[in-house]
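Descriptive analysis of the structure
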Amino acid sequence: MNEFDIRDLKNIFGINSFYLKCFLGLVGSFLLTYISIPKIIKISYKKDLMALPGERSSHNKRTPNLGGIAIFYSITIMSSICAYELFSSYIFLFSSIIILFFIGLMDDILVVTPNKKLYAQIIASLMISIGSNVRIGSFFGIFGIETLPYGISIIFTVIIFIFLINAYNLVDGIDGLASGIALLACCAFIFTFWRLGSINYPMIVLALTIIGSLLAFLRFNFNKKYKIFMGDTGSMIIGFLLSFMGIKFLNLFLILSPFGTPIYHLQSAPVIVIAILIIPIIDTIGVFIIRILKGNSPFRGDKNHMHHRYLRLGLDHKKVSLIMISENALIILTAYFLRHIKVHLLLLIILTLGLIFSFLPLLITKSNKNKN
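Residues numbered from 1 in each chain as written. Predicted model: local features only at pLDDT ≥ 70, side-chain atom pairs only at ≥ 80, totals over all residues. Heavy atoms only, no water.

**Observations regarding the environment of Ile350**
Among the secondary structure elements, Ile350 is positioned in helix H15 (residues 343–371). With relative accessibility at 0%, the residue Ile350 sits in the buried group. Between the alpha carbons of Ile350 and Leu170 there is a distance of 21 Å; along the sequence they are 180 residues apart. The residues contacting Ile350, other than those within four sequence positions of it, are Val271, Ile274, Ala275, Ile278, Ile331, Thr334 and Ala335. (Helix = DSSP H or I, 4+ residues; strand = E, 2+ residues; numbered from the N terminus. Buried < 20%, exposed > 50% of the residue type's maximum accessible area, 1.4 Å probe, protein only. Contact = heavy atoms within 4.5 Å.)

Here it is as structure tokens:
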């Protein structure tokens, strides 16, 4: 008897297998996360596995922080069923996720040193970039740079993976923000992958499994009675997968036709990816600049993040998250509608908008003080 394949359901129900995979990936990951989180919360209280409020925290009570466990296994289970092509084509993808899962879980439970987290991120990034050849191979003419030598490409890709993983981790400071940013990014990637053909269907299904899991997680992240955080376990995995999708998007424009010309052409592709992930990127860069200007280590935690500035205006977590997600969406739309202008001009516009939104709360605070 032949092994069952999800594509056989097309013959059984008369449903296009791609749409079925999308539905199962989205709903399956939602249900797995939704069902498992209450059990994780119960165990967290029983075993006292909590995130404690500190001087840099935006929360004021002990809260379970192992939501990343549910996010991890719902995404991996449903994507391995519905987007199995990814794991067969990129054999080190699952291994990289496993490494980040365990180092994140150790940090959420025991707290590991930053060096150990960095080593794990380097190993995971090297595995996916070398083992599965998921790397940034070109600058698309930005700063006059086109194709990158292989060694430089690997080094640069690892740096980008590490930067984006940690940037996403740093933006996870208030309820709903990291999840909302990821949901928006996944929707943007789904739109771009959809427009570029059926070759990208597995990436769309992967994005939908992330969306399903995060929608279920948000139900509890905003719940006062059964509240939970995604922790480093969740944030590092989501940051890694968003980076993976961003690099895969760039690689589409390096595929050559039999005539040696690119099948797809979009010189602004790197700027589109930057726009999709602009809030974590600009927040991390801004925080590092402020810390350096103050004479502090760029890796020393403080309350100079973008969401901290909005909170100081008296807004609650939900309003701040909605504002920052809306700003990110506006920048994505700007990049999309201006994608055919000169790439350096578009990059300048996107970064300028990001900086304006980042320091807008400070301008509002200063304006209010002047009025008083």
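Here the narrative resumes.
**A closer look at the nonpolar core**
Side chains of nonpolar character tend, in soluble globular proteins, to be buried together. Judged by nonpolar contacts, the single largest core of 101 residues is most densely connected at Leu93, Phe244, Met245 and Phe249. Leaving out residues up to four positions away in the same chain, Leu93 has contacts with Leu86, Phe87, Ile128, Ser132, Phe240, Leu241 and Phe244. (Core = buried A, V, L, I, M, F, W, Y, C linked by side-chain atoms within 4.5 Å.)

**Here we look at the pattern of salt bridges**
Taken as a whole and assessed by the stated rule, the structure comprises 5 salt bridges. Residue Arg62 is joined to Asp48 by a salt bridge in which the shortest nitrogen-to-oxygen separation is 2.0 Å. Of this pair, Arg62 sits in the loop between strand S1 (50–51) and strand S2 (63–64) while Asp48 sits in the loop between helix H2 (17–47) and S1, placing them 14 residues apart in sequence. Overall, Arg62 belongs to the partly exposed group, its relative accessible area being 39%. On the basis of relative accessibility, which here comes to 48%, the residue Asp48 falls in the partly exposed class. Via salt bridges that share partners, Asp107, Lys117 and Asp232 belong to a single interconnected network. (Salt bridge = Lys/Arg side-chain N within 4 Å of Asp/Glu carboxyl O.)

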